[in-house]
Amino acid sequence: VTTGRWEPIERSWHHERYVHCDVCGRLIPSRRWAFDDGDREITACEPACEELYFDYVKPTHGAPS
Amino acid sequence: VKLELDNVGLHVLHNALANIAAEMALVMMRTSYSTIFNEGLDFTTVLLDPDGQLVAEKNYTPSMMGAIPNTVRWTLEELGRDFFAPGDVVVHNDPYRGNCHLPEHMMVKPVFRDGVLLGFAGAIGHIAEVGGKAPGSFASDATEVYQEGLRLPPVKLIEGGKYNEHVWRIVLANHRTPRNTWGDFHAMIGALNVGERRLLALTDRYDAATVLEGAQRLIAHSEQRMRAAIAALPDGAYEATTEVEDDGVGREPFGVRARVVIRGDEVIVDYTGSSPQVRGPMNCTYVVAASSAYNAVFCVTDPLSDIPRNSGCYRPVRIVAPAGSVVNVRHPGPSVGGNTDLQPKLIDLLLRALAGATPGLVAAASGGSSSNLLFGGVHPETGEYYSNYHFDGMGAGATALADGNDAETTRHSNCRNTPVEIFEHRYPLQTLEYRLVAGSGGAGRHRGGLATQRTLRVTAPELTISALFDRCKIAPAGLFGGEPGARSALLVRRRGEDEFRPFDDVFSLASPTKFTNVVLREGDELRYRTPGGAGFGPPEERDQAAVRDDLEEGYVT
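Draft legend 1. Highlighting the pattern of salt bridges. Tallying each qualifying case throughout the model produces 49 salt bridges over all chains. A salt bridge links Arg471(B) to Asp348(B); its shortest N-O distance comes to 3.6 Å. Pair noted here: Arg471(B) is in the loop between strand 16 (462–468) and strand 17 (489–493) and Asp348(B) is in helix 9 (residues 336–354), with a separation of 123 residues, a long-range link. Looking at Asp348(B), the relative accessible area reads 6%, which means it is buried. Because the salt bridges share partners, they merge into one network encompassing Arg5(A), Glu7(A), Arg32(A), Asp36(A) and Glu41(A).

Structure below.
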């Protein structure tokens, strides 16, 4: 079960911006999957990364700094 | 013709789609200008569904597995599906938009039928010269992507069937060998045109809805089979580390860590704990870390390549590659060598980790370096500028079943070696020797494959060379008691001198095998020796008849 929401990444054709998924590391093209871990907001590339975060990444490595 | 989407019908459809991709690949091979395409086969051709999901491929080069879905996904998300019109061809090579490294160019052509998007024909290939600070576009001392060549975000190369001349002019003005780019780009476009025609013919024969539905069922079938293959492996977390000798800018080694978690029917490949990204171009992009993971996982789950290769195969494999590390470079870090020389080590590293789960299906370390040699200059016979990107076979790692292959290119590249005749015909380098290196395979129950050595004499007044390869200091590691493979070497003998010496000695360089724009003169000789493969199992367990054969055949000294 995921709790996040899709949000656009503000980028225009004349403004380069590079946003990585906090969970898997992939660069995100145009919209991010934002979800909350307590009062921390995590940027992910897709809902599956929210699941990966809670059932593997956080239990194994802790929350991202 | 009515195609039932039962097991037989899906098999027929899969073969039809895979053969389209194979025919596209033949077009590229036979019509391209550069040896890297027509001899090396450093490219892959694909068919994709309207969402950019891989449906079928002719995968000559596994290193592109990660880049294909990510470049197409990026294009679709950044520009939108409405961006595409009939007759368009979009090109894209940006490592910071889902590509593996700058020389790789992904082209896609939408295929429409009655105004409806059926999918895309795609081709990805290594363009031999894309500008930047070094001929051949492998600057070993690059410290940012801007030094590595011309970056193209997804742009239309062909628009509605007509040249987008503005884009072509920018590209051709920035590549050192525009004639080759012209020819290789057209080889790719020709492949896309064939893919488009064949896909339309397929939907003439069967209806489009059946083909699209069948493609989705094939993807689901592959995912199901890949999950079953993963589920057959023992659950657990398997770890390994490796060290890479330098990044081309500094002299210090850096480390990579991998944790492979098998849980049920999925695999997590986690690179957390790897070194922060380095200054030189040995960093990987995320998609290279992903390609390495797919490569290693497919080696142990589908060693005979029996599962139809499409997006379904990738779904059970999850990647964790922290941004800002050597396995996932942040902008504007350089990454050209990460694709060619870190990637094979990542695959070896993952196979070493997987040895804990499935020891009979892994391999000892391969030579693990593409041994990139780049050279260019003005050809004395034509007066025209030439440039070449060359790689060569090395020793493959031994397995539980067999000795490693000799003179094989890296696991991720799967490319062909360039024949001497082609080399001498096109470039001002005379081949004095090209041979296997006796004793370069690591000893073991199964012996590592042998490295190769070429000695080349410069026949032009001057020739500029760059190199990016390693395993010069750190040898490929054996597995289960096998011994390491031999290290690589790149040596030079200046005209009139007696001995070959390392390049860093002769030219005061930071690295003996990673350097940029060294000028050689007529009569200078270059000795290019790739690394050997490592051994598998204790050498004392080697069959005595195999030892005798090795001696008689000159494999060992």
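Draft legend 2. Examining the nonpolar core more closely. Residues Val23(A), Leu17(B), Met107(B), Leu157(B), Val256(B), Tyr271(B) and Ile319(B) are the most contacted members of the largest nonpolar core, which totals 153 residues. Setting aside anything within four residues of it in sequence, one finds Ile319(B) in contact with Cys24(A), Leu52(A), Val269(B), Tyr271(B), Tyr286(B), Ala290(B), Ala293(B) and Tyr294(B). In this structure, Leu373(B), Tyr427(B), Val458(B) and Tyr528(B) belong to the second largest nonpolar core, which totals 22 residues.

Draft legend 3. Broad picture of unusual backbone geometry. Residue and element names in this part refer to chain B. Histidine 331 connects to proline 332 through a cis peptide bond whose omega is 5°. As for its placement among the helices and strands, proline 332 is situated in the loop between strand 11 (317–320) and helix 9. With phi around 50°, serine 305 is a residue other than glycine that occupies positive phi space. Summarising the element assignment, serine 305 is placed in the loop between helix 7 (286–301) and helix 8 (311–314).

Draft legend 4. Quick peek at the interface of chain B and chain A. Taken together, the contact between chain B and chain A spans 24 residues of the former and 23 residues of the latter. Between chain B and chain A, the buried area comes to about 2000 Å², and carbon and sulfur atoms account for 53% of it. Summed over the three residues of chain B that lose the most area to chain A, namely Arg73(B), Trp74(B) and Arg318(B), the buried surface amounts to 28% of that side. Scanning the region where chain B abuts chain A turns up four salt bridges. Linking chain B with chain A are 13 residue pairs in polar contact (both at pLDDT 80 or more), by the criterion used here. Sorting the residues of the side of chain B that touches chain A by element identifies helix 3 (67–79), strand 9 (254–263), strand 10 (266–270) and strand 11 of chain B as the ones contributing at least two each.

Draft legend 5. Representation of the sheet that holds strand 16 of chain B. All names here are of chain B. Taken in spatial order, the four strands of this open sheet run 13-12-16-19, and their pairing is antiparallel. This sheet does not close on itself; its edge strands, each paired only once, are strand 13 (385–390) and strand 19 (514–521). Strand-to-strand twist of the sheet, defined as the mean angle between neighbouring strand axes without regard to direction, takes the value 15°. Along the sheet, helix 9 contacts strand 12 (372–378), strand 13 and strand 16; its crossing angle with strand 16, the most-contacted strand, is approximately 60°.

Draft legend 6. Representation of a nonpolar patch on the surface within the structure. Residues and elements named next belong to chain B. A cluster of nonpolar side chains, contributed by Tyr33, Tyr163 and Trp182, occupies part of the molecular surface with about 300 Å² of accessible area. Along the chain, the position of tyrosine 163 falls in strand 7 (residues 162–163). With relative accessibility at 42%, the residue tyrosine 163 sits in the partly exposed group.

Draft legend 7. Broad picture of helix 7 of chain B. In this model, helix 7 of chain B (16 residues) spans 22 Å end to end at C-alpha, consistent with the 22 Å of a helix rising 1.5 Å per residue. Among the 16 residues that make up helix 7 of chain B, 15 are buried, leaving the element largely enclosed by the rest of the structure.

Reading guide: rules and limits
- Residues numbered from 1 in each chain as written.
- Chains lettered and ligands numbered in written order.
- Predicted model: local features only at pLDDT ≥ 70, side-chain atom pairs only at ≥ 80, totals over all residues.
- Heavy atoms only, no water.
- Salt bridge = Lys/Arg side-chain N within 4 Å of Asp/Glu carboxyl O.
- Helix = DSSP H or I, 4+ residues; strand = E, 2+ residues; numbered from the N terminus.
- Buried < 20%, exposed > 50% of the residue type's maximum accessible area, 1.4 Å probe, protein only.
- Core = buried A, V, L, I, M, F, W, Y, C linked by side-chain atoms within 4.5 Å.
- Contact = heavy atoms within 4.5 Å.
- Buried area = accessible area lost by both parts, 1.4 Å probe.
- Polar contact = N/O pair within 3.5 Å; in protein donor to acceptor, adjacent residues only side chain to side chain.
- Pairing = 2+ DSSP bridges.
- Axes fitted to C-alpha atoms, helices over the stretch in contact; angles between N-to-C directions.
- Patch = residues over 30% accessible without salt bridge, like charges linked within 9 Å, V, L, I, M, F, W, Y side chains within 5 Å.
- Areas by Shrake-Rupley, 256 points an atom, 1.4 Å probe, with all protein chains shown as cover.
- Expected span 1.5 Å × (residues − 1).

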